[in-house]
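# A structural walkthrough
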Amino acid sequence: MEAADYEVLSVREQLFHERVRECIISTLLFATLYILCHITLTRFKKPAEFTTVDDEDATVNKIALELCTFTLAVALGAVLLLPFSIISNEVLLSLPRNYYIQWLNGSLIHGLWNLVFLFSNLSLIFLMPFAYFFTESEGFAGSRKGVLARVYETVVMLILLTLLVLGMVWVASAIVDNNKASRESLYDFWEYYLPYLYSCISFLGVLLLLVCTPLGLARMFSVTGKLLVKPRLLEDLEEQLHCSAFEEAALTRRICNPTSCWLPLDMELLHRQVLALQTQRVLLEKRRKASAWQRNLGYPLAMLCLLVLTGLSVLTVAIHILELLIDEAAMPRGMQGASLGQVSFSKLGSFGAIIQVVLIFYLMVSSVVGFYSSPLFRGLRPRWHDTAMTQIIGNCVCLLVLSSALPVFSRTLGLTRFDLLGDFGRFNWLGSFYIVFLYNAAFAGLTTLCLVKTFTAAVRAELIRAFGLDRLPLPVSGFPRASRKNQHQ
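Quick notes on the rules
- Residues numbered from 1 in each chain as written.
- Predicted model: local features only at pLDDT ≥ 70, side-chain atom pairs only at ≥ 80, totals over all residues.
- Heavy atoms only, no water.
- UniProt positions renumbered as here; feature names shortened; annotations may be inferred.
- Patch = residues over 30% accessible without salt bridge, like charges linked within 9 Å, V, L, I, M, F, W, Y side chains within 5 Å.
- Areas by Shrake-Rupley, 256 points an atom, 1.4 Å probe, with all protein chains shown as cover.
- Salt bridge = Lys/Arg side-chain N within 4 Å of Asp/Glu carboxyl O.
- Lys, Arg positive; Asp, Glu negative; His and termini not counted.
- Charge placed at Lys NZ, Arg CZ, Asp CG, Glu CD.
- Helix = DSSP H or I, 4+ residues; strand = E, 2+ residues; numbered from the N terminus.
- Buried < 20%, exposed > 50% of the residue type's maximum accessible area, 1.4 Å probe, protein only.
- Polar contact = N/O pair within 3.5 Å; in protein donor to acceptor, adjacent residues only side chain to side chain.
- Contact = heavy atoms within 4.5 Å.
- Core = buried A, V, L, I, M, F, W, Y, C linked by side-chain atoms within 4.5 Å.
- Phe/Tyr/Trp six-rings, centres within 6.5 Å; stacked < 30°, edge-to-face > 60°.
- Axes fitted to C-alpha atoms, helices over the stretch in contact; angles between N-to-C directions.
- Parallel < 35°, antiparallel > 145°, perpendicular 65-115°, else oblique.
- Left-handed = near helix turned anticlockwise from the far one by under 90°.
- Nonpolar A, V, L, I, M, F, W, Y, C, P; charged D, E, K, R; others polar.
- Expected span 1.5 Å × (residues − 1).

The protein goes by Protein LMBR1L isoform X4 in an unreviewed UniProt entry, where it is assigned to Camelus ferus. Listed in UniProt under the heading Sequence similarities (unreviewed entry), the comment for the protein reads: "Belongs to the LIMR family."

In structure tokens:
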């Protein structure tokens, strides 16, 4: 063999080893996410659905739970996708020739983006509808009962749903773009239909993030306040504990002796009141045992961090709005080749990249908080060891829609300059200046409105409580005025 043949074989062998290494790394990453998601779902599932007398229902629920675990792992991977890419770029910039990070390259990052896009399509279009129909199916009438009969019915329902969605997307494409070539392109199921359908789903996810994130940014202050111990000036915790104990004892006596009262008693309401008092007493005990540093320093620092992160988010979006009016490079666009380790995607270097990652995670957490706080999706909130299988499926679908739209959401708002890789950058609406500009303006306006309405009211209420003004018989805004009967007492 000639020297040129040896060079070709060497190059092919090197490419083969790189592909094998990328497959191993991707498999290990996904396996880690899968294990974490499986542990999480087992904490929320309803045990009675998996230990039923009917083994068929238990088997169906176990299969559906594994599909939900796969979907939730894909959702978590979509959340980590953009931060991992930004950090990888900074690592390659800082250590360009380090031997131990040779596995971290643009080909691996690009492959991860493509895998997340593929698995997101697979989960949203096939796996989650299959899991829902599978749990609700009973087999065709007259057929033999069993898991296989449920599989047949589920497959038939899934085929009918696919045809329905295919027809709706084809009609929508004809209405939006009345072009023969664009309609014929939908016949190519893999190259055009799935990306077009996922583009529609991603657009809905971005709109959902536009609504949920400002609401979540405002709710983060109250949620953090419930988790941490607040400083209470002019407050007697011992008095509150005694009052809570007396009220609990009185309600317990009424439950134990319902005949002692001539009025009809709502026992369910009394039990809920006792549970609420017990929870309040536990929180008061925790607050009383908290150290002075935790009580007087932890809560203000947490509120300050939330305020800084929220202010940075709004400021970043405001600067991006100005950049959209001046520079066309501020528009989100796709990038087919991942050229990492050449230039930083932040003007502040590694420090700016860390801020970008923190803001992306913060906005994702805020969007989830806002999603479960909204009246429309509040009933979907999972409960510890008491979440039905259909509710788990709904949660996984919603979280996947939110998380798969996060890279597009972050790039559209200008939180990072890292361009979208793979099919994430093929969305047609990303090239529209008016859509991107109006989206940024709507996000800044909604966030500012929610913060002014919620945060100022919360701060006013905390200051009133801190100075004891809520105990005075004054018509203070945010607190109901005490009745004359309570004042005389």
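Below, the discussion takes up a positive patch on the surface. There is a patch of like positive charges on the surface, built from Arg219, Lys226, Arg378 and Arg381. Note on placement: Lys226 falls in helix H6 (residues 189-227). For Lys226, a relative accessible area of 62% corresponds to the exposed category.

Right, let's get into the side chain of Ser313. By the element assignment, Ser313 lies in helix H9 (residues 292-326). Ser313 sits in the buried class, given a relative accessible area of 0%. In this structure the side chain of Ser313 is engaged in a polar contact, spanning 2.9 Å, whose partner is the backbone oxygen of Leu309. With residues up to four places along the chain from it excluded, the contact list for Ser313 reads Leu359, Tyr362 and Leu363.

This next bit is on the nonpolar core. Grouped together as the largest cluster of nonpolar side chains are 85 residues, with contacts concentrated most on Cys68, Met389, Phe409 and Phe443. Broken down by element, the residue count for this core peaks at 16 residues, all from helix H2 (residues 55-94). Other than its neighbours up to four places away in sequence, Phe409 contacts Val206, Leu209, Thr213, Leu363, Tyr439 and Phe443. One finds Leu251, Ile255, Leu270 and Val274 within the second-largest nonpolar core, a separate group that totals 5 residues.

This brings us to the packing of aromatic side chains. Geometry of an aromatic ring pair is reported as the spacing of the ring centres plus the angle between the planes. A full pass over the atoms with the stated rule returns 13 aromatic pairs. Residues Phe433 and Tyr434 carry aromatic rings whose centres are separated by 5.7 Å and whose planes lie at 75° to one another, so their mutual orientation is edge-to-face. The rings of Phe30, Tyr34, Phe70 and Phe119 are connected pair by pair, giving a single aromatic cluster.

On inspection of all chains with the given rule, the structure shows 3 salt bridges. A salt bridge links Arg19 to Glu22; the shortest N-O distance between them is 3.9 Å. Here the residue Arg19 and the residue Glu22 both occupy positions in helix H1 (residues 3-44), the gap between them amounting to 3 residues, near one helical turn. Taking the shortest distance from any N to any O, the salt bridge between Asp386 and Lys46 comes out at 4.0 Å. One end of the pair, Asp386, is in the loop between helix H10 (350-373) and helix H11 (389-404); the other, Lys46, is in the loop between H1 and H2, and 340 residues separate them in sequence. Residue Asp386 is classed as partly exposed on the basis of its relative accessible area, which comes to 33%. Through salt bridges that share partners, Lys46, Arg383 and Asp386 make up one connected network.

What follows is about the packing of H2 against H11. Closest axis-to-axis distance for the H2/H11 pair is 8 Å, and the angle between their directions is 20°. With respect to H11, the axis of H2 lies roughly parallel. Of the two elements, H2 crosses H11, and the hand of that crossing is left-handed. Of H11, the residues touching H2 (which contributes Asn61, Ala64, Leu65, Cys68, Thr71, Leu72, Val74, Ala75, Ala78 and Val79) are Met389, Ile392, Ile393, Cys396, Leu399, Leu400, Ser403 and Ser404. For the contact of H2 with H11, the per-class residue count stands at 14 nonpolar, 4 polar and no charged.

Let us look at a nonpolar patch on the surface. Together, Phe140, Leu148, Tyr152, Val155, Val156, Met157, Ile159, Leu160, Leu163 and Leu166 make up a nonpolar patch on the protein surface, roughly 890 Å² of accessible area in all. With respect to the element layout, Leu148 can be found in helix H4 (residues 147-176). Given a relative accessible area of 53%, Leu148 falls into the exposed group.

Between the first and last C-alpha of H11 there are 22 Å, a value that for 16 residues agrees with the 22 Å anticipated at 1.5 Å per step. With respect to burial, H11 is a largely interior element, 14 of its 16 residues being buried.

Moving on, we get to unusual backbone geometry. Unusually for a residue other than glycine, His385 sits at a positive phi of about 55°. Relative to the helices and strands, His385 resides in the loop between H10 and H11. In this structure His385 comes out as partly exposed when scored by relative accessible area, which is 36%.

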